[in-house]
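Below, each chain spelled out in residue letters.
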Amino acid sequence: VLEAVEAELVNDVAAAVDAITDPWDSLTAGFRAFLDAATKPTALQIIAVDGPSVLGWGEWRQIDMKYGLGLVTTALERCMNAGVIR
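Rules used throughout
Residues numbered from 1 in each chain as written. Predicted model: local features only at pLDDT ≥ 70, side-chain atom pairs only at ≥ 80, totals over all residues. Heavy atoms only, no water. Helix = DSSP H or I, 4+ residues; strand = E, 2+ residues; numbered from the N terminus. Buried < 20%, exposed > 50% of the residue type's maximum accessible area, 1.4 Å probe, protein only. Areas by Shrake-Rupley, 256 points an atom, 1.4 Å probe, with all protein chains shown as cover. Lys, Arg positive; Asp, Glu negative; His and termini not counted. Charge placed at Lys NZ, Arg CZ, Asp CG, Glu CD. pLDDT = per-residue confidence, 0-100. Axes fitted to C-alpha atoms, helices over the stretch in contact; angles between N-to-C directions. Left-handed = near helix turned anticlockwise from the far one by under 90°. Contact = heavy atoms within 4.5 Å. Nonpolar A, V, L, I, M, F, W, Y, C, P; charged D, E, K, R; others polar.

## A closer look at the overall build of the protein
Step number 1: Of regular secondary structure, the protein possesses five helices and zero strands.
Step number 2: Reading the secondary structure of the protein in the N-to-C direction produces α-α-α-α-α.
Step number 3: Structurally, the protein occupies a C-alpha span of about 40 × 20 × 15 Å along its principal axes.
Step number 4: Here the protein, with 86 residues, has 30% of them falling under the buried criterion.
Step number 5: A total accessible area of about 5500 Å² is found for the protein, and carbon and sulfur atoms account for 59% of it.
Step number 6: Looking at charge distribution, the protein has the averaged site of its 6 positive side-chain charges lying 7 Å from that of its 12 negative ones.

Put into structure tokens, the structure is as follows:
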């Protein structure tokens, strides 16, 4: 269930930044889309409460890195490579 919710979150973020070419604009739009998707009550419950408590911290963190945190890492690296942020 966690992976399905995280995958949907990634799809929401990807749709929000799909046509944006500027790295900074993409980063900010992606963060907004991520927060909108991740703070929906059902998603928040599964991602922030049920996931870590049912799966344990290590497995939850691996899944989150693959999806949510992975998005953040990729967006920040893109901005750093473009010289937008240090």
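Next, the rest of the story.
## What to know about the confidence of the model for the protein
Step number 1: Residues with a pLDDT of 70 or more make up 100% of the protein, whose mean pLDDT is 92.
Step number 2: Ranking the helices and strands of the protein by mean pLDDT puts helix 3 (residues 41-55) first, with 95, and helix 5 (residues 68-81) last, with 88.

## Description of the packing of helix 1 (residues 2-17) against helix 3
Step number 1: With their axes 10 Å apart at the nearest point, helix 1 and helix 3 run at an angle of 145 degrees to one another. Of the two elements, helix 1 crosses helix 3, and the hand of that crossing is left-handed. Residues Leu2, Val5, Glu6 and Leu9 of helix 1 touch helix 3, and the partners they reach there are Ala43, Ile46, Ile47, Gly51 and Leu55.
Step number 2: Residues belonging to the contact of helix 1 with helix 3 are distributed by class as follows: seven nonpolar, one polar and one charged.

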